[in-house]
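Next come the chains, spelled out residue by residue.
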Amino acid sequence: MRALTRVLAALAEMDEPSVGMRELARRLDTPPSSLQRTLEAAFETSLVALAAPGQWELGWEFHRLAALAQRKQPFRAATEILEELRDATGETALLTVYDPYRKQRMFVAAAESHHAVRFVPDLFSWMPAHAGASALAILAFRPEDERRALYADGLTALTKTTATSAEDLEARLARIRHDGYAFSYDEVNLAAAGVAAPVRLTEVTSSVAVIAPRQRLDEVPDAELAGLTVRAARHLTQRLGDASAALAANIKP
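Source: prediction; values computed, not measured. (Residues numbered from 1 in each chain as written. Predicted model: local features only at pLDDT ≥ 70, side-chain atom pairs only at ≥ 80, totals over all residues. Heavy atoms only, no water.)

1. With respect to empty space enclosed by the protein
Rolled over the atoms, a probe with the dimensions of a water molecule shows which regions are left empty. This is how it is decided: Each cavity reported here is a set of points on a 1 Å grid over the protein atoms alone in which a 1.4 Å probe fits but cannot get out, each pocket an open set with protein on both sides within 12 Å along at least five of seven lines, and each lining residue one with an atom within 4 Å of a point. Grid points are joined across faces, edges and corners, and a volume is the space filled by probe spheres set on the points. Strands are runs of DSSP state E lasting at least 2 residues, helices are runs of H or I lasting at least 4, and numbering of each runs from the N terminus. Note on residue classes: Ala, Val, Leu, Ile, Met, Phe, Trp, Tyr, Cys and Pro are nonpolar, Asp, Glu, Lys and Arg are charged, and everything else, Gly too, is polar.
Inspection of the entire model under this criterion finds one cavity of 30 Å³ or more. Lining of the largest cavity is provided by 19 residues; of these, G132, A133, S184, V188 and I211 occupy positions nearest its centre. Those elements that place two or more of their residues in the lining of the largest cavity are β5 (104–111), α6 (133–139), β7 (182–185), β8 (192–198) and β9 (206–213). The element contributing the most residues to the lining of the largest cavity is β8, with four residues. Of the residues that constitute the lining of the largest cavity, the class distribution is eleven nonpolar, five polar and three charged.

Okay, here's the thing in structure tokens:
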């Protein structure tokens with residue numbers, strides 16, 4: 001299953017429509033013989049297909065399952081809320097989700113600012129969970145043992161302002177729990193700043209954020225901007241209700 005997941009992820013993420021087995025093996029750092037067995041098994045269920053002799057691509061069964069899954073994404077309910085937040089602030093609004101098993105987070109939905117100079121998010125790319133307002137607004141409300149396990153894996157410096165000390169980060173997360181929102185400045189991307197608030201379902205695994213070029217955000221978060229972000233996160237919490245119920249109800253905007 002792990003080998004199949006890596007193959008499907010590589011095919012989905014690459015820019016080329018298809019790829020040869022040896023090139024795919026090189027990208028995955030996998031022996032061609034092992035990769036061949038995985039591709040043949042996936043081919044039998046149409047998860048992958050042959051675009052041409054020796055050239056592999058995602059199959060129709062993969063696309064069918066992806067389309068069906070897309071309809072059930074609970075964060076589809078965020079579209080309208082993110083657009084309202086974008087219109088109220090003038091800046092890009094984002095929804096971030098966190099995977100406790102991977103200990104990573106990613107942007108899954110965005111309403112981009114209309115400014116010529118704006119933050120353009122890279123959706124559906126896994127990112128570290130220890131830096132950036134949208135990540136910290138989630139991490140602050142995760143269990144302590146989970147946070148400590150994440151620290152034990154190492155806190156990589158993404159920029160010179162990224163917190164790399166567990167003690168410093170814990171102090172900051174305590175402040176976020178007190179304030180109800182997170183603020184970041186140059187932590188993940190230089191010249192970017194953001195404000196984020198947690199979506200408080202059964203457990204916190206997502207956040208709503210406003211991210212902008214730092215020249216439009218002061219080093220101290222604006223109270224009105226923070227308030228708008230917190231209200232948007234509360235609105236999404238109310239819209240979704242319980243996470244499992246949201247999935248079952250197939251919530252849409």
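Okay, back to it.
2. Things to note about the side chain of S18
The cut-off we apply is this: Exposure categories follow from relative accessible area, calculated using a 1.4 Å probe and restricted to protein chains: below 20% of the type maximum is buried, above 50% is exposed, and the middle band is partly exposed. Here a polar contact is recorded for every N or O atom pair within 3.5 Å, except that within protein the pair must consist of a potential hydrogen donor and a potential acceptor, and residues adjacent in sequence are included only if both atoms are side-chain atoms. In this analysis, two residues are considered to be in contact whenever any of their non-hydrogen atoms come within 4.5 Å of each other.
Tracing the sequence through the fold places S18 in the loop between α1 (2–13) and β1 (19–20). Accessibility expressed as a relative area gives 19% for S18, which makes it buried. At a separation of 3.3 Å, a polar atom in the side chain of S18 contacts the side chain of Q55. Sequence-distant contacts of S18, that is, excluding residues within four places in its chain, are made with A51, Q55, W56 and E57.

3. A few points about the pairing of strand β3 (residues 55–58)
Going by this rule: At least two DSSP bridges between two strands are needed for those strands to be called paired.
Looking at chain direction, β1 and β3 are connected through two bridges and run antiparallel. Residue G20 lies in a different strand from β3, and its bridge partner there is Q55. As paired strands, strand β2 (residues 48–52) and β3 are joined by four bridges and run antiparallel to one another. Across the sheet, L50 pairs through a bridge with W56, a residue of β3.

4. Some details on the sheet that holds β1
Operational definition: Only C-alpha atoms enter the line fits that serve as axes; for helices the fit covers just the stretch in contact. Angles between N-to-C directions range over 0 to 180 degrees.
Strand order in this open sheet of three strands is β1-β3-β2, and the pairing throughout is antiparallel. Single-partner strands in this sheet number two, and they are β1 and β2. The strands touched by α1 are β1, β2 and β3; relative to β3, the strand with the most contacts, the crossing angle is about 90°. Along the sheet, helix α3 (residues 32–44) contacts β2 and β3; its crossing angle with β2, the most-contacted strand, is approximately 100°.

5. Examining the nonpolar core
Test applied: Within this scheme, the nonpolar core is defined by two criteria: the residues are buried Ala, Val, Leu, Ile, Met, Phe, Trp, Tyr or Cys, and they are joined through side-chain atoms within 4.5 Å.
L82, L85, L95, V199, V208 and L236 are the most contacted members of the largest nonpolar core, which has 29 residues in total. When residues of this core are traced back to their parent elements, those giving at least two are α5 (79–89), β4 (92–99), β5, β8, β9 and α9 (223–240). Looking at this core element by element, the count peaks at seven residues for α9. With sequence-adjacent residues up to four places away left out, L236 is seen in contact with A77, A78, I81, L95, V199 and V208. Counting 26 residues, the second-largest nonpolar core is a separate cluster that includes Y98, A140, A166 and A182.

6. What to know about the packing of helix α2 (residues 21–28) against α3
The condition that has to hold: Should an angle fall under 35 degrees it is called roughly parallel, over 145 degrees roughly antiparallel, and 65 to 115 degrees roughly perpendicular, with every other angle called oblique.
Packing of α2 against α3 brings their axes to within 9 Å, and their N-to-C directions diverge by 110°. Accordingly, the angle class assigned to the pair α2 and α3 is roughly perpendicular. Contacts from M21, R22, L24, A25 and L28 of α2 reach α3 at P32, L35, Q36 and L39. Here the residues of the contact of α2 with α3 sort into seven nonpolar, one polar and one charged.

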